[in-house]
Structures are given as structure tokens and as C-alpha cells.
4 protein chains.
Amino acid sequence: MADYVYGPGRTHLFVPGPVNIPDQVLRAMNRQNEDYRSPAIPAMTKILLEDVKKIFKTTTGTIFMIPTTGTGAWESALTNTLSPGDRIVSFLIGQFSLLWIDQQQRLGFNVDVVESEWGRGADLDVLEAKLRDDTAHTIKAIAIVHNETATGVTNDLTKVRKLLDTYRHPALLLVDGVSSICALDFRMDEWGVDVALTGSQKALSLPTGMGIVCAGPRAIEASKTATSRRVFFDWKDYLRTYNLGTYWPYTPSIQLLYGLRAALDLIFEEGLDNIIKRHNRLGTATRLAVQAWGLKNCTQKEEWFSDTVTAVVVPPYIDSNEIVKQAWKRYNLSLGLGLNKISGKVFRIGHLGNLNELQLLGCLSGVEMVLKDVGYPVKLGSGVGAAAAYLSNFTPFIPSRI
Amino acid sequence: MADYVYGPGRTHLFVPGPVNIPDQVLRAMNRQNEDYRSPAIPAMTKILLEDVKKIFKTTTGTIFMIPTTGTGAWESALTNTLSPGDRIVSFLIGQFSLLWIDQQQRLGFNVDVVESEWGRGADLDVLEAKLRDDTAHTIKAIAIVHNETATGVTNDLTKVRKLLDTYRHPALLLVDGVSSICALDFRMDEWGVDVALTGSQKALSLPTGMGIVCAGPRAIEASKTATSRRVFFDWKDYLRTYNLGTYWPYTPSIQLLYGLRAALDLIFEEGLDNIIKRHNRLGTATRLAVQAWGLKNCTQKEEWFSDTVTAVVVPPYIDSNEIVKQAWKRYNLSLGLGLNKISGKVFRIGHLGNLNELQLLGCLSGVEMVLKDVGYPVKLGSGVGAAAAYLSNFTPFIPSRI
Amino acid sequence: MADYVYGPGRTHLFVPGPVNIPDQVLRAMNRQNEDYRSPAIPAMTKILLEDVKKIFKTTTGTIFMIPTTGTGAWESALTNTLSPGDRIVSFLIGQFSLLWIDQQQRLGFNVDVVESEWGRGADLDVLEAKLRDDTAHTIKAIAIVHNETATGVTNDLTKVRKLLDTYRHPALLLVDGVSSICALDFRMDEWGVDVALTGSQKALSLPTGMGIVCAGPRAIEASKTATSRRVFFDWKDYLRTYNLGTYWPYTPSIQLLYGLRAALDLIFEEGLDNIIKRHNRLGTATRLAVQAWGLKNCTQKEEWFSDTVTAVVVPPYIDSNEIVKQAWKRYNLSLGLGLNKISGKVFRIGHLGNLNELQLLGCLSGVEMVLKDVGYPVKLGSGVGAAAAYLSNFTPFIPSRI
Amino acid sequence: MADYVYGPGRTHLFVPGPVNIPDQVLRAMNRQNEDYRSPAIPAMTKILLEDVKKIFKTTTGTIFMIPTTGTGAWESALTNTLSPGDRIVSFLIGQFSLLWIDQQQRLGFNVDVVESEWGRGADLDVLEAKLRDDTAHTIKAIAIVHNETATGVTNDLTKVRKLLDTYRHPALLLVDGVSSICALDFRMDEWGVDVALTGSQKALSLPTGMGIVCAGPRAIEASKTATSRRVFFDWKDYLRTYNLGTYWPYTPSIQLLYGLRAALDLIFEEGLDNIIKRHNRLGTATRLAVQAWGLKNCTQKEEWFSDTVTAVVVPPYIDSNEIVKQAWKRYNLSLGLGLNKISGKVFRIGHLGNLNELQLLGCLSGVEMVLKDVGYPVKLGSGVGAAAAYLSNFTPFIPSRI
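Under the annotation held in an unreviewed UniProt entry, chain A carries the name alanine--glyoxylate transaminase and is attributed to Eragrostis curvula. In its Sequence similarities (unreviewed entry) section, the UniProt entry covering chain A states "Belongs to the class-V pyridoxal-phosphate-dependent aminotransferase family." Word for word, the UniProt comment on chain A under Cofactor (unreviewed entry) is "pyridoxal 5'-phosphate".

Student: Can you break down the overall build of chain A residue by residue, with the values?
Tutor: Regarding its fold elements, chain A presents 13 helices and 14 strands. At 21 Å, chain A has a C-alpha radius of gyration in line with the 21 Å of a compact globule built from 402 residues. For chain A, the C-alpha atoms occupy an extent of roughly 60 × 55 × 45 Å along the three principal directions. Burial analysis of chain A (402 residues in total) assigns 65% to the buried set. Long-range contacts, defined as pairs at least 24 residues apart, comprise 71% of the intrachain contacts of chain A with a sequence gap of at least 6.

Student: Account for the interface of chain C and chain D, naming residues and giving values.
Tutor: The interface is formed by 49 residues belonging to chain C together with 50 residues belonging to chain D. When residues of the side of chain C that touches chain D are traced back to their parent elements, those giving at least two are α1 (23-29), α3 (70-81), α4 (95-106) and α9 (254-270) of chain C. Residues of the side of chain C that touches chain D, tallied by class, amount to 21 nonpolar, 21 polar and seven charged.

Student: Tell me about the interface of chain A and chain C, residues and numbers included.
Tutor: Contact residues are listed per partner, giving 51 residues for chain A and 51 residues for chain C. Going through the elements one at a time, α9 (254-270), α11 (320-331), α12 (357-373) and α13 (382-394) of chain A are the ones with two or more residues in the side of chain A that touches chain C. In terms of residue count, α12 of chain A provides more of the side of chain A that touches chain C than any other element does, 12 residues in total. In terms of residue class, the side of chain A that touches chain C is made up of 21 nonpolar, 18 polar and 12 charged.

Student: How would you summarise the UniProt feature "binding site: substrate" (unreviewed entry) in chain A if you had to cite specific residues and measurements?
Tutor: Taken from the UniProt record, the annotation "binding site: substrate" (unreviewed entry) applies to Arg348 of chain A. Beyond its immediate sequence surroundings of up to four residues, Arg348 of chain A is in contact with Pro16, Gly152, Val309, Thr310, Ala311, Leu335 and Gly336 of chain A.

Student: Hey, could you go over the packing of helix α5 (residues 124-133) of chain C against helix α6 (residues 157-166) of chain C for me, with residue numbers and the actual values?
Tutor: Each packed pair of helices is defined by two parameters, the angle between the axes and the distance between the axes. Residue and element names in this part refer to chain C. Contact geometry of α5 with α6 gives a least axis separation of 10 Å together with a crossing angle of 15 degrees. Taken together, the axis directions place α5 and α6 in an arrangement best described as roughly parallel. Relative to α6, α5 is oriented so that their crossing is right-handed. Here Leu124, Leu127, Glu128 and Leu131 of α5 come into contact with α6, specifically with Lys159, Val160, Leu163 and Leu164.

Student: With reference to specific residues and values, describe the domain arrangement of chain A.
Tutor: Residues and elements named next belong to chain A. Split into domains, chain A comes out as domain 1 (12-19 + 272-401) and domain 2 (23-268). Each of domain 1 and domain 2 has a C-alpha centre, and the two are 27 Å apart. Each partner contributes to the interface: domain 1 provides 28 residues, whereas domain 2 provides 28 residues. Broken down by secondary-structure element, the contributors of at least two residues to the side of domain 1 that touches domain 2 are α10 (272-292) and β12 (309-313). The element best represented in the side of domain 1 that touches domain 2 is α10, accounting for four residues.

Student: An account of the pairing of strand β8 (residues 172-176) of chain C is needed here, citing residue identities and associated values.
Tutor: All names here are of chain C. β8 sits mainly inside the fold: five of its five residues count as buried. The pairing of strand β5 (residues 139-145) with β8 spans five bridges and is parallel. Directly across from Ala143, in β8, lies its bridge partner Leu174. The pairing of β8 with strand β9 (residues 195-199) spans three bridges and is classified as parallel. From the neighbouring strand, Asp176 faces β9, where its bridge partner is Leu197.

Student: Account for the relation of the copies chain A and chain C, with residues named and values stated.
Tutor: When chain A is brought onto chain C, the operation consists of a screw motion whose angular component is 180 degrees and whose axial shift is 0.0 Å, with 0.0 Å RMSD remaining. In the structure described here, the two chain copies are related by an operation that fits a two-fold rotation axis. Within chain A, Gly362 of chain A has its C-alpha nearest the rotation axis, a separation of 1.9 Å.

Student: If you had to explain helix α3 (residues 70-81) of chain D to someone new, which residues and values would you point to?
Tutor: Note that an α-helix has 3.6 residues per turn; residues three or four places apart therefore point the same way. Residues and elements named next belong to chain D. Taking 1.5 Å per residue, 12 residues should reach 16 Å; α3 reaches 17 Å between its end C-alpha atoms and fits that length. Burial runs high along α3: 12 of the 12 residues are buried. Within α3, burial applies to Gly70, Thr71, Gly72, Ala73, Trp74, Glu75, Ser76, Ala77, Leu78, Thr79, Asn80 and Thr81.

Student: Quick one: what's the story with the pairing of strand β4 (residues 110-115) of chain D, residue by residue and with numbers?
Tutor: Residues and elements named next belong to chain D. In this structure, strand β3 (residues 87-92) lies alongside β4, joined through six bridges in parallel fashion. In the sheet register, Ile88 faces β4, and the bridge partner there is Val111. Viewed along the sheet, the connection from β3 through helix α4 (residues 95-106) into β4 turns out right-handed.

Student: Can you tell me about the sheet that holds strand β4 (residues 110-115) of chain A, naming the residues and giving the values?
Tutor: Residues and elements named next belong to chain A. Pairing in this open sheet of seven strands is mixed, and the strands run β2-β10-β9-β8-β5-β3-β4 from one edge to the other. Looking at strand neighbours, the two that pair on one side only are β2 (62-66) and β4, the edges of this open sheet. Here the strands of the sheet are splayed against their neighbours by 20 degrees on average, with no regard to which way each runs. Together, β5 (139-145) and β8 (172-176) form the strand contacts of helix α6 (residues 157-166), whose direction differs from that of β8 by roughly 170 degrees.

Student: Any chance you could break down unusual backbone geometry for me, citing the residues and the numbers?
Tutor: Note that the residue after Gly17 of chain B, namely Pro18 of chain B, is joined by a cis bond; omega there is 0 degrees. Tracing the backbone through its elements, the reader meets Pro18 of chain B in the loop between β1 (12-13) and α1 (23-29). Residues other than glycine seldom take positive phi values, yet Lys57 of chain A does so here, at roughly 50 degrees. On the neighbour-count criterion, Lys57 of chain A (19 C-beta atoms within 10 Å) is partly exposed. A positive phi is found at Arg168 of chain A, a non-glycine position, where the angle reads about 45 degrees.

Student: Run through the sheet that holds strand β5 (residues 139-145) of chain D, naming residues and quoting values.
Tutor: Residue and element names in this part refer to chain D. Read from one edge to the other, the open sheet built from seven strands follows the order β2-β10-β9-β8-β5-β3-β4, with strand pairing classed as mixed. Since the sheet does not close on itself, it has two edges, and those belong to β2 (62-66) and β4, each with one partner. Ignoring strand direction, the axes of neighbouring strands in this sheet form an average angle of 20 degrees. Here helix α2 (residues 40-56) sits on the sheet in contact with β2, β9 (195-199) and β10 (211-215), set at roughly 105 degrees to β2. Against the sheet, α4 engages β3, β4, β5 and β8 (172-176), with an angle of about 160 degrees to β3.

Student: Go over the nonpolar core with me, naming the residues and quoting the values.
Tutor: With 576 residues, the main nonpolar core has Val195 of chain A, Val195 of chain B, Val195 of chain C together with Val195 of chain D as its most contacted residues. If we ignore the near neighbours within four places in the chain, the residues touching Val195 of chain C are Ala77, Thr81, Leu172, Leu174, Val175, Val213, Cys214, Ala215, Gly216 and Ala219 of chain C.

Student: Could you give an account of the UniProt feature "domain: Aminotransferase class V" (unreviewed entry) in chain A, naming the residues involved and the relevant values?
Tutor: Within the UniProt annotation, "domain: Aminotransferase class V" (unreviewed entry) is assigned to residues 17-296 of chain A. Annotated as 44% helix and 16% strand, the span residues 17-296 of chain A places its first and last C-alpha atoms 22 Å apart.

Student: Please provide a residue-by-residue account of the relation of the copies chain C and chain D, values included.
Tutor: Placing chain C over chain D gives an RMSD of 0.0 Å and needs a rotation angle of 180 degrees, together with 0.0 Å of translation along the axis. Take the interface residues of chain C: 100% of them recur as interface residues in chain D, which is what a same-surface contact looks like.

Student: Describe the confidence of the model for chain A, with residues and values.
Tutor: For chain A, the mean per-residue pLDDT works out to 97, and 99% of the residues sit at or above 70. The ipTM value of the predicted complex is 0.97, and its pTM value is 0.98.

Student: Please provide a residue-by-residue account of the packing of α10 of chain A against α13 of chain A, values included.
Tutor: Residues and elements named next belong to chain A. Two elements in contact, α10 and α13, have axes whose closest approach is 7 Å; the angle formed by their N-to-C orientations is 150 degrees. Relative to α13, the element α10 lies roughly antiparallel. Pair α10 / α13 crosses with right-handed handedness. Residue-level contacts link Arg281, Thr284, Ala285, Thr286, Leu288, Ala289, Gln291 and Ala292 of α10 to Ser382, Gly383, Val384, Ala386, Ala387, Tyr390, Leu391 and Phe394 of α13. Here the contact of α10 with α13 is built from residues that sort into 10 nonpolar, five polar and one charged.

Reading the values: rules and limits
- Residues numbered from 1 in each chain as written.
- Chains lettered and ligands numbered in written order.
- Predicted model: local features only at pLDDT ≥ 70, side-chain atom pairs only at ≥ 80, totals over all residues.
- UniProt positions renumbered as here; feature names shortened; annotations may be inferred.
- Helix = DSSP H or I, 4+ residues; strand = E, 2+ residues; numbered from the N terminus.
- Rg over C-alpha atoms; globule rule 2.2 N^0.38 Å.
- Buried ≥ 20, exposed ≤ 12 C-beta atoms within 10 Å, placed from the backbone.
- Contact = placed C-beta atoms within 7 Å.
- Nonpolar A, V, L, I, M, F, W, Y, C, P; charged D, E, K, R; others polar.
- Axes fitted to C-alpha atoms, helices over the stretch in contact; angles between N-to-C directions.
- Parallel < 35°, antiparallel > 145°, perpendicular 65-115°, else oblique.
- Left-handed = near helix turned anticlockwise from the far one by under 90°.
- Domains from an automatic or database assignment.
- Pairing = 2+ DSSP bridges.
- Least-squares fit on C-alpha atoms with pLDDT ≥ 70 in both.
- Expected span 1.5 Å × (residues − 1).
- Right-handed = clockwise from strand over helix to strand, strands pointing away.
- Core = buried A, V, L, I, M, F, W, Y, C linked by C-beta atoms within 7 Å.
- pLDDT = per-residue confidence, 0-100.

Encoded structure:
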């Protein structure tokens, strides 16, 4: 039953999450349950907590590895640092920031929604105005997605930091790094991010199930007085077990812990900066293909181009949902749908996680064929060729094989 | 690094969760991520939601498979059905009911804590008095663990139902079935349970990561007006996707879905009633061994004996933590610690999940050797022999091999 | 250590064996040893022996699943049917037929070697002459590779059969189907093949370790009098266990048996004829790419084109070994080397086994980039585009997803 | 289909091969095929060949890792060192020595069969007489099983060596170490063994599929002139690839190579001498259980007791096959059958490979229950208790957990 949609050969997984899991990680996770109260698991956890900090580029942060998804990680970030009624400035630039804002509102916060056209980044002019005006410091937090997965838009967090500094504003900076951390340049400490979070199934290239939240010192401080009701997501329970050396307030997934260990080993072997470069390489190649096809990137300006996902705008006479459907039905290729108000108008190519050049080129050639199938006049080979021209100039040798 | 506690041969996992995963389930989970928005995953989920009802013995319930642990499942049960300030009657009979009560209080409910000595079941006389007195129906819910994992005590839920019926009391009946469902007799519909919940890593014999909540019609109705703040755990978001046929408000673990499919296939092949009988057989055998060793069961009366976990009381001159430590260090045997106020006084043998007679007998012989190691005068072979005498009379042939 | 050649993303495996294993098969093989003398394994083996016949298109053949490689399967075919000194006609058309002939000679047979230029098929004119002249029937067997993996040449076995029939010659027809069976059209019974063989790691898409030999009635008859010394490869020991119902004269690989079961299930689900069509589609696409690059196929005539492997001739100023090396070092792409006398002159693209269109297109785009890297003036996108143009016209929908 | 003999819980595998595979090894083998001609596999093989020598305790031997079973390894040992007609002294002491002798005869050697009663070791007095008389050195080889798996008899190889030395006899010493190497004390160099061999599925605890042959310098020398026809098993082809640095004359199983790497890592972590001690501990415990049950060991004298397998003699009124059948059908326990002339008279407990104390005790308690089931008057707990009494005195702490 489970494989009733069987097609020969590999599935080409190019949704912007969950992403391809490396074989090494699959192997590490192929294991029995264990007693998480034995000495082994706390010892392992202790090292993991230290190592995970590296992917956030923080030394002062505290890591919480929560058995949940990104949505739960959001909730953890908000409820531990804020109290009902607190004012937040939040940017609506696509489906995922929309969902986060919805959560913020339902959790009882007072949200200043700053909306941009989908395909544009956060409107920082509005933020500047608000910060400038808020001399009373009623704004308790800025909540922003680093990378909006629905539109392929990357916000420049250094500018947000700069505005906060300029206006000496104490608002907490809460960052959704779900589709950025471990793929795009992200610097918790240097950029003064107070809470950042990601999910295991994104650039970490693990299965879904672990929401990773990193809280800076100001966020930890805020958690002591925040009155949002929380238990499952409460940092306090984690902090208590950290002090006890038991490390887990409730049962973790043994498999995800070993998987995370293997994932981090691969990340450190490749090097975080090389990973960021690889994502830039694959992102650039994808954008060159889109250009060669004569299609438009949903992202309106180069400054917002995302190296983890590209949302491609289709001509009005084509239904982008049809592209996604055909890709899956005919070529065993999974692409991302256009969500909400851009449903039918864009399809998305996820190019994040443990992925290499030829995988992407296979995907791009598949997209070309599907474009032809749905009636778009594409020259087969044009996008792949453009991408390959770039990649063949910039792809380094695999270090372990030189 | 990950295996730095390597010892030859199998690990004998006898904590009361997480439990042994069948090879068939491990194989089913040994897989890549997939796009959960493709037609395949919703189709699979739809069938899973129906099949999961069977392990709750319900036809009227609604299933929520939440990427969380038992603690999160608790929170889901409470926040969806109750509003801050609501009065709950809750029974404190061990560490896990204690933790649930702590959660209830932190979530802002008004909890009547009915405490029993650890080793005894819920005090239903007190419940009766409360129900009798509560003609105004201020009690909104009864929260009870079906099986207290810390002490090996099983509460008789039919009696709770009877009391509610006798006094025609409309309080919701919320049941923690974490260490009972799929192992002990549990009947959602017949017993009028309003919310029941379990976790994947218990009798379902999966990895940790899925909290399964089953809500009866009255609970669903209550969720429409309950004002507890919730987003991640909000049933509403699930119900919306059920109507849409997309089935997931956020990313599920693909691996756990396929694992659950495989686990249910095994459960249905063995037969839920045969599984319950097997647990009774293994539980009885364990208790006979304890008796043969001359040790006391923490559970004070036979009516509360648990078929999923046995807490064994050690003599005052022995530290039960030492037993757990030695078992792990010398025999690769994982036993459960005594928790909280019974720490050092009991150790626990978990005998739930996908387990058979010879595994248990291996464990019991290990316990015997450890008892001898820590200075308890046990006759080696006595407990195993007593257990085997029982098992050899009652173990049926494996149906597929007759 | 084991992963010291780690590179991010998938390895693109395009050698003509061992080939890509489907995830379903990997899962089925991810298992413990079992007692092969229990009732389970013989029952499973019995069904496997019947099912394997289907991939040979035989009803009269007898299957031997030998724990060995293709080389061992060759030896089994020869030593069970022939006696030292027996005359064989054998065709030398590439490295693998060369190795088989070497084996035939070392086993003491009297081999008429019929050589062709590498890149051409078996010289059947010479065969005809020999058969015509051999009125005394001194030729005991014709040994021929169906598909020469070193050059990508497929021989037409129906012509061989016709010659034998025309001259009413009783010589046994022994066929190496290592890189053909389960990928190319092969019909044991219809074509009067007496022994055919393959290896698990080729089109069956399993790991190496099982040599599969199919012996027709005349071969079984011959085995009764053949005096070549043999024990491990002796069919007699298998036939005895078939009669006993124990099925194994020595320990089989439990993992490969379950793997074979899973592989056959996938093969039957896709349909053998659809698999043959898929190989033809991928082979054609590859040849169109080669043509678009302006390179020559090592195979000299269309009648010999192989749908499982394409050997590409490089210009004299390029070392084909360098192409293979660069592909692995830079793009995580494994291509086949040129072997023996064509070393440095050709590289090979294996396109057999469980493979689909986008995998091949990814490979072809990789080859393009490597060609550019080594100094060949290729237009990037040209080959992929040509292949895609063909594939987009002929790739059917995945039946299970329509 | 594959799991149609499903029973809950683990299978207890106690046949003397194939044996339990450690999880670490299963994980290492859970992998895709790879190109064995890439630089990675030869590099890995080179180290493996060195490391495998350690389990033979040799520095002068040459290792051949052949894709075959023990039967093939036998054939490799014989055909590479001997010529048809050569005289061999061979000891018939059970089913496996019988099969080897059958092979020796079918391969055309002139075998002096020295038979012992099954349950006794090789008759070295006869060997002495033969060596003393053979002043012309017509005996070319002594072929002996180190451990006869059918009867649980271990031969003392040092005595054989001594006799050869005493009579300054140049016969090659060929040793079947299939159920000894990596479990019993074995010293290739010190004992002057010329060829020793084992199979992957025995004490190495891997799947079946790799026959490992170790040839000392005199055996390598002999292979240069031995005229037995051989190709697949010919050492020459391996030696050529060793010189070339390609290491494989034909396709190896990638999965078994990585599995062997993982198996050796575990072996070296535990320490070969600790492994030998563990086998002695488990063997002794098993024998104490047999004694406590009042049953006889098939092995007639203590000097021949085997630490890898115990053959237990049942009373005449019991059919030992029934014991094996019941164990499998009722307790998911796989025991070894009595073979050939001791069929129905003995059953076998394999206690080799990656196994620990509690696994064995679970098995022994299962055997007790089955003995009771088939009508033997056993006191339940007696054997397990006797074994546990011994084990609790001699089982060391797991070093990594102290």
C-alpha cells in the first residue's frame, strides 16, 4: 500500500522542505529506540547542544531542541519571550510570514502587520518609521522571516539590526530561519538576533520532527517574566534539565538525535561556509535557467533573491498547479506549489539541503520538459545549458577527492 | 562517537518507553523525505486516521496525529476542551500524573488534586463525593491516567464512567492512555471517554515523535468554545485540513507516517485482543518472578496490577538506582528508574510493546543476576523459572507458523 | 573512514553495473540473518524460483541462484554442460567476452575464437561457415554475450538460433545475459537458449552476490554426463535440494533473497515489457545526446546499439580516463572506464536498472560539463536538450499516478 | 509475503550460522551500490585486507575475500594448492567434515578418510601413524575442520602441527575455521597453518556472501604449480589485481565491504581476546545448563568442547526435530537441527557471533520450556539458573560503560 504511487528510479525531491536526506543520515537513523535516561543520551545531547550553536554562529545562545515542527518552534519563540497584549512588529510578505502572524495574533499579541507585495522583502522603511516613533518602547519584538519560503525572498537582517541600533530600540529581534539557517549566511551573535529558529527537515536535511530554537541572553532574560501560558514549549523545563545534566524534560526521538549527530558531522566536514557557497551556486544556476526560459522570478529585486528556493512566475495562460502535477505524474519530480494568493501563478523549485549540481540539472531539465508539456514555448536544453555554463565555471572539486 | 557505549550483542530494552521497535517498522521508516503535499501522503493519511480509531476502539472519535510527545498530547487534550479557570478533578498517584497536574495548573486550570499513596490507584471515593456534591456542575473535566507508568498502577476507567453516569455529571472524561492504549483493554466509545491520548513510542512501538489524540464528539463540541490559547495544538487547524483533504496544517514526519502504517499492519495481523492477552501474559509472568524473588510489587492491590510495567520495591538496604546502573553497565539491560519520591526505592521493568516471552525471560534472568550483584539473596533461576512455568502453560503457537 | 570520499548530495551512479538499487529493495534488505532451514526460507525460495523464470521468459528452464558473481555464473554454465576438450565457438567482441573466453580456455575447453573489431557484433558469417562445415557435430556449444558491456554492443540472438536451426546443429546455445536480462528483450524458450545467466547487480538492481543461471532441458540433460570437475557450481547439489524441498545446498544470503523478492515485485509492477521500453527510451536519449555533442558511438552500426550501455568515443587528443576521473572528482558522477584496448579511447554511460529520465538527464548534463572541462568544444545544453526533446515525446505517465 | 511467518517481538536466532548481525553492521550495509573501480573502493579494500589478517593472527598470510560461501572457500583452498590425484588426509567427524571430504573426492583428490564417532574429535593417532609411515611424503595435505559445527567438537590444531613437525612432514595444513575464526583461539602463523578459511555469516556476524581465505607463504607457493582447474576461485586473478592496486578481478559486494569494515571495527573495539573469552563464557554457561537439565552433550570429552556450538543429545523417546520445530513455532526461537546420522537425536544451540549473556539466557529458558513441551521432565529455571550462576561470576563490565 505504502508504495502504491511507485514509479521507477529515484524521486526528484525539489520542494523547499522536507528536503533530501543524505544516505549517511538515513543510516544513522536506522536504529532502535534507547533509554534516554541512560548515561549515553545525556552525554550525546550535551555535545549536540554545543555543536548546534555553530550553525547559528553563536557562542552566547542557548539551544532548545524541541520535538515539534517549525510552527511549534515559532510558538516557543513567542510564548517564552512575550506576554499577551505585547506589541510586535511583523512583516507579511508571503504565506509563511502570514501564518506566523496568524499565530502571533491567536496567541494574544498585538501585532503591527507590515505588508509588502508578495515577491518583495520586508518593508524596512515602515519599520524605521515605527521605531523612530516608538520612543516609549511599546514595541516589544520584531518578528521577521529571514527567508520567505513561499516567494523565495531573503530579507537583509543586518539592516533590521542597524535600525534597532540606530534608534537604540530594545525590542527583541525574533527570526524565523526555517528556510535559511544552514544554507544562507546567518550570524546570530554578530547580527544581534535574540531568538532564531529552524526545523530539522530544512537545510539540516533531516526528517521532520525537531524544532530548533536558539535563544540569546536577552531572550532568556525575557523568558523569566513573560506571562504567556506555556508548558510543552516552556524553556524553563529544558533549562532545569540542563542544570541537572539529564537534558530532557520529556522523551526525545533517539533516531533524530543520532540523525542530527550525523547531519552535523557532514555539515562540519563540508564546512558551513562552503555549504552557503554551494547554495549560492545552486540558487544562481536556477535563476539563470529561469531567465533562459524567458520566465520571471517571483522575487522582484536581486537584493531579495533567495538561494534556497526560487518561485517562478508562469504566464497567465498557464496554471502553475498543472506544472507541479505533471512533474510528479510523469517525471517523478516534486516541485513546490504556489500558495494562497499566488496559487496557480507560481511554482517553486526548492534548492536547499544536501543537494548537488547534477541533481539540480536533472530537475531543471525536468522542469523544461514539463513547461513544454503544458504549452509553454521553451527551448529544451536552454535552461539546463545556462545553468551548466555557470556551474561548470564555479563548481569546485570535492575536497576529499582531489 | 555515537556508539561509544558499545557492548557486544543486543541491548535489552525494558524501560516502559521508548520501547523496542519491530524490524518491520524500522524498515518501513528507513526512507527519504517526501513532498507531503503530493497526492500520496493525504491518501495515506486518510486511511491512517481511520485505522488509528481501531486501537482506541472508537467509531465516533476524531484522530489528531500531532508532531509532539505525550506531554504535548496532554496539552492538546486540555487546551482544546477547557478554558482558563475551569475546574478539573485530577488524580495524583505517581510521577506522570504529577507532571500532568503540574501542566494543568500552569495552563491556568483550577485543579482539585486527589492524591493517593504511590502504588495505589485513583481514589474514586473522593471522586464520588465530589461528583455528588457538584450539583452545579462546576467540574468541567476529570483527568485521569489509565496506567501510571511510574508505579505500574492501572486505574479502572469503567468505574469512573459509572460514577459520572450515576450522578449524571457532564464533566468531560480526559484519559492519558500513554502506557495503556494498544496494550491494555481500552474502549473509548463503550466507556464514554471524551479525550484519550497516547504517544508513538509506547505500545505502538514506534520512535518518539507522534502524539496521538482521539477526541470524542463532546470534546470536539467543547473545542468550539474553549478559550485556552493554542495554535500549534489547536484541533481547528487539523479539522480545516481534513475538510480540505490536505490533512496536514504543518509538515508531518514522513518516516513516522510510514512507520505507523507498518505498526498498524502488525497490530492488526496479531489482533488487538491477542496483543492485550500477550501483555497480560508477560505482565503476569513478571509478577510471578518478582514474587519468587521474594520482592514486593509497588502496586498495592491486584486490581491495580499493570500489564505494561512492573515497579519492584527493593529492600531498604539496597539502592534501586544501583540496580538500574549495574544492569546497563554489565548486562546491556535497560531498566526503569524509580522516579521522584520512590527514587532509590523501586526499579521498573517495562513489558509493553512489541515483545515476546524469551525477551522477557532474558530480562528477568538479567534482573536476577543484578539482584545478586547488589547483595540481595536471590536464588538464580527462581524468578525465571516461575515465569517460565506460567508462560509454558499459556503461550499460544504463533498463528502464522502453525 | 568509510565515507572519506564524501561529497554533498547524491552520487550519480552511471557505470554499467553495479547499478542503482531502488529504495524499496534497500529497505527489504535491511534485515537480520535468519535460519535458512526454517520453513520460511524454503517456502519463499520456491516462489522465487518460479518468479525468476518470468524474467528469462521461460517455462521449461530450471533456475539456479548461486552465491557468486557473473564470473561464477559463467563457470556454472560451462562446467555443468561441457567436458574438458569440448569444442566451443565463442565470439570475442570486447572485454567481457574476452574474459569469458579466457575462462573457457582455462577450464580446458577447445575454443574457436571468432573475433570482431571492438564496436562490432559477433561475426555470424564465421559462425555460419563453422556450422555448415561441422557435419560431425564436433561443436558442442556456442557461447555468446547477448550484450557486450565494454562496447555497448547487443548481438541478435535470433539469428544465432536461426543458423543452428538451418544447419540442424545440436550445439548448446550458452548466453551471457549479464547486462541484458531484465533490460533488453530476451526470450529463453522462444529463442531456444540452453543456458542463460545474469548477475544480481545488473538490471535486477540488487547488490552484487547472486549469480542467476537458467538451464533449459537440454542443458540439464547435458549436465548428467558433463565431466568438468565442479562442486560449488554443480547443479546436481541444487537439484537434490529442490527435490527435498530444502532448496539450498549451502547457506544463501537471506538479505539477497528478500531483496530479490522486492526487486521482482517492482519489476512485475512496472511490467517487464515496460521496463524494456524504458531502457530503449533511455538508450535512445543517450545516443541522441552523444550525437548532439558531435561524438561517436563506439558501436559501429545501429543494429548493435545497446539500450543498457553506451560507449562514447572521444577525440584522439582527449584521454577518456580523465573524463571518468573528473566526473567523479567534481560532479559526484560515476561513469564507466574504457577497458583494455579501448582504455583512454572511450568512456561508458551505463543506463540500465532502476533508473528514470531525470536521473539520466542529470548525468548527461554532467557529462557535458566534464567534456567542456577536458577541453572538448561542447555546447552546454545541446546533448541534454536533444535527449529531452526525445524523452518529452515518449515518456509515459507513471501508471500508478494517472 | 516476505513476513508471512510474523510473530511478535524479536526472533531469537541460535543456529550456528548465519548468526545475529550487530545493528552497527546492519546500518553500515544499508547503502547503495557504488562503482568499485573508483578510487574509494580499492583504498578501502587495501586496509581491509590488512585488518582481516589480524583475525587470523597472521602477518605472513595473504587474504582472499571471495564472493562465495564456506563451500566455495573450501574449493578455493583445495584447488589452488593441490592437483588432481594428490593424496589428502581428512577427518570425518560430522556433517561438515563429511561434506568437505565429499568435495575433496569430487574434485579428484585421493582422500585418506580418517573417521571418528560423531561427537569425538579427529583421530590424531591415525594421523600420526600415517605421517610416520609416509616417508615418501605422498601426503600432500592435511584437511581438518577446527570446529565441527554439526557436533560441537573443536579439534586441537596445535597437536596436528606438532605431529607434522615431529615427523618433519611437508604436507600442507588446510584448516576449515568456518565456525571458529573470530570466536575460538586461532593462530595462523604460530600454528603453521597453510590455508585457513571462514565465512562472513559466522563469527564475523555478517550476512552470508563472503568466503574469506587466508593463504600462508607455502600455500601461495603451491598455487603456482597446482594443476586443479579453477578460474572463479583462482588466487592468481586476485594477486594480479593486488599488484595493480585495483584489488578486484570481478565485482565485489559493496555492502559486504562496508559491513566487514564495521564488523572489524566492533571486533577491534571489543578486542579479539575478549571475544574469545566471551565465547568461552557463553559456551561454558550453555554446557552448565545442559548438565542441569540432565541431558548429555554430544561432544564426548571436555577437550573437544566447543565454545561456538553445543549439540545436545535428547533421550531416545524424544525426536529432537520436534524440539526445533516447537521452538520456532511457539517461542520464535531458531535452534539447529541434528544433521544426517544424528538427525532426531540432537539439537544444537549456536552461541557464536555478536551475542551477549541475556540473549543466551533467554534462549536457554526457551529451550527449557520446549523440553517441557515435548515431554522431557525438566525443572524450569534449572538450566538458566545454573548458567546464570556461572555468568554472574564471570561477566565483566562493558568497558565503555565503566
